[in-house]
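The chain contents come next:
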Amino acid sequence: MSKNCPTPLDPVSSSALSRRHALSAMAIMPLVVAEAATADDVIARLLAHTQQANAALMRGDAETYRKMVAITDDFTLMSPFGGEPSKASQYATPEKWDRMARFFKNGTHKHEVVQSYVSQDMVVLALIERDQVDVGGLPAQEWALRVTLVYRRDGAQWRLVHRHADPLANGISLQQAAALARGLPASE
């Protein structure tokens, strides 16, 4: 791990706002960095930031998620529902954000770290996300996803360049995997 990895800076002037307002404002800012932290600090801060952003999304607060998670122009999303990966231009439209706000409701979020990797300008987080949430009109239930997040440093900010999620955290059989690979329902 590199010893010259970035660390978050205080993006809000404490003279302009009260401490409570400053902390609230910081919570919805993209993760901003400086040059002095250890790799472990960078990972810990990215994990905490990711936790807060995803918890907001699971509550149906897509606006807070959008403000907290800065994506790159070349961002790709491989959704847990499969299909063609989305690009930044397809993902970050007002219509998509409105749909995401309606898609997730009343949820809680936590994640387990499987592995993390860090270099001067890139961090990869391999996680198991465990959400209890109403999704797409279905009643509240556990959604366990295997997730890989790739962050790239862009000047003083960490930006999400890639998210891949799949619903295979609990495992499936060879026959189910083969059916999915052929484009059939997993039950066949």
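Residues numbered from 1 in each chain as written. Predicted model: local features only at pLDDT ≥ 70, side-chain atom pairs only at ≥ 80, totals over all residues. Heavy atoms only, no water.

Caption draft 1: Seen up close, the packing of aromatic side chains. Scanning the entire structure with this criterion turns up four aromatic pairs. Relative to Phe-103, the ring of Phe-81 lies with its centre 6.1 Å away and its plane at 85 degrees, an arrangement referred to as edge-to-face. Residue Phe-81 is located in the loop between strand 1 (71-78) and strand 2 (86-87), and its partner Phe-103 is located in helix 5 (residues 94-103); the two are separated by 22 residues in the primary sequence. With a relative accessible area of 30%, Phe-103 lands in the partly exposed category. Ring geometry for Phe-81 and Trp-143: centres 6.3 Å apart, planes at 75 degrees, overall edge-to-face. (Phe/Tyr/Trp six-rings, centres within 6.5 Å; stacked < 30°, edge-to-face > 60°. Helix = DSSP H or I, 4+ residues; strand = E, 2+ residues; numbered from the N terminus. Buried < 20%, exposed > 50% of the residue type's maximum accessible area, 1.4 Å probe, protein only.)

Caption draft 2: Representation of the confidence of the model for the chain within the structure. Scored by pLDDT, the chain has a mean of 83; 80% of the residues are at 70 or more. When pLDDT is averaged over each helix and strand of the chain, the minimum, 43, is found for helix 1 (residues 19-27) and the maximum, 97, for strand 4 (residues 122-135). In this model, residues 1-26 is a region of pLDDT below 50 whose contacts with residues beyond four sequence positions or in other chains number 51 contacts. (pLDDT = per-residue confidence, 0-100. Contact = heavy atoms within 4.5 Å.)

Caption draft 3: The arrangement of the sheet that holds strand 2 in detail. Sheet architecture is open: six strands sit in the order 2-1-6-5-4-3, paired in mixed fashion. Each edge of the open sheet is held by one strand with a lone partner, namely strand 2 and strand 3 (104-118). With nine bridges connecting them, strand 5 (residues 141-154) and strand 6 (residues 157-166) associate as antiparallel partners. Opposite Asp-154, over in strand 6, you have Gln-157 as the bridge partner. Sheet contacts for helix 2 (residues 39-58): strand 3, strand 4, strand 5 and strand 6; angle to strand 3, the most-contacted strand, approximately 160 degrees. (Pairing = 2+ DSSP bridges. Axes fitted to C-alpha atoms, helices over the stretch in contact; angles between N-to-C directions.)

Caption draft 4: Summary view of helix 5. Within helix 5 the residues assigned to the buried category are Trp-97, Met-100 and Ala-101. The arc enclosing the buried residues of helix 5, seen along the axis, measures out at 100 degrees, which places them on a common side. Tucked into the core, helix 5 has its buried residues touching helix 2, helix 3 (62-68), helix 4 (88-91) and strand 3. (Arc of directions from axis to C-beta.)

Caption draft 5: Expanded view of the layout of surface pockets. Considering only enclosed or pocket space, the largest pocket measures out at about 610 Å³ in volume. Along the wall of the largest pocket there are 24 residues; nearest its centre are Leu-77, Phe-81, Met-100, Phe-103 and Phe-104. Among the elements of the structure, helix 2, helix 4, helix 5, strand 3, strand 4 and strand 5 are those that each provide at least two residues to the lining of the largest pocket. The class makeup of the residues in the lining of the largest pocket is 14 nonpolar, five polar and five charged. (1 Å grid on protein atoms, 1.4 Å probe; cavity = no way out; pocket = protein on both sides within 12 Å on 5 of 7 lines; lining within 4 Å. Points joined across faces, edges and corners; volume = space filled by probe spheres on them. Nonpolar A, V, L, I, M, F, W, Y, C, P; charged D, E, K, R; others polar.)

Caption draft 6: Examining the nonpolar core more closely. Judged by nonpolar contacts, the single largest core of 36 residues is most densely connected at Tyr-65, Tyr-91, Val-123, Leu-125 and Tyr-151. For this core, the leading source of residues is helix 2, giving eight residues. Discounting chain neighbours no more than four positions away, the residues touching Leu-125 are Ile-43, Leu-46, Leu-47, Thr-50, Gln-115, Ser-116, Val-147, Thr-148, Leu-149 and Tyr-151. (Core = buried A, V, L, I, M, F, W, Y, C linked by side-chain atoms within 4.5 Å.)

Caption draft 7: Looking closely at the pairing of strand 3. Inspection of the sheet shows strand 3 paired to strand 4 by 12 bridges, in the antiparallel sense. Directly across from Thr-108, in strand 4, lies its bridge partner Gln-132. Turn length for the strand 3-strand 4 hairpin, with the two strands adjacent in sequence and antiparallel, is three residues.

Caption draft 8: Inspection of empty space enclosed by the protein at higher detail. On inspection of all chains with the given rule, the structure shows two cavities of 30 Å³ or more. Each pocket or cavity is described by its volume, and for the largest cavity that value is around 60 Å³. Taken together, 10 residues line the largest cavity, and the ones lying closest to its centre are Leu-46, His-49, Met-68, Tyr-151 and Trp-158. Of all elements in the fold, only helix 2 and strand 6 reach the threshold of two or more residues within the lining of the largest cavity. For the lining of the largest cavity, the element with the most residues is helix 2, which contributes three residues. Its volume calculated, the second largest cavity comes out at about 40 Å³. Lining the second largest cavity are Thr-50, Ala-53, Asn-54, Tyr-65, Val-69, Leu-149, Tyr-151, Leu-160 and Arg-163. Elements that contribute at least two residues to the lining of the second largest cavity include exactly helix 2, strand 5 and strand 6. For the lining of the second largest cavity, the element with the most residues is helix 2, which contributes three residues. Residues that form the lining of the second largest cavity fall into these classes: six nonpolar, two polar and one charged.

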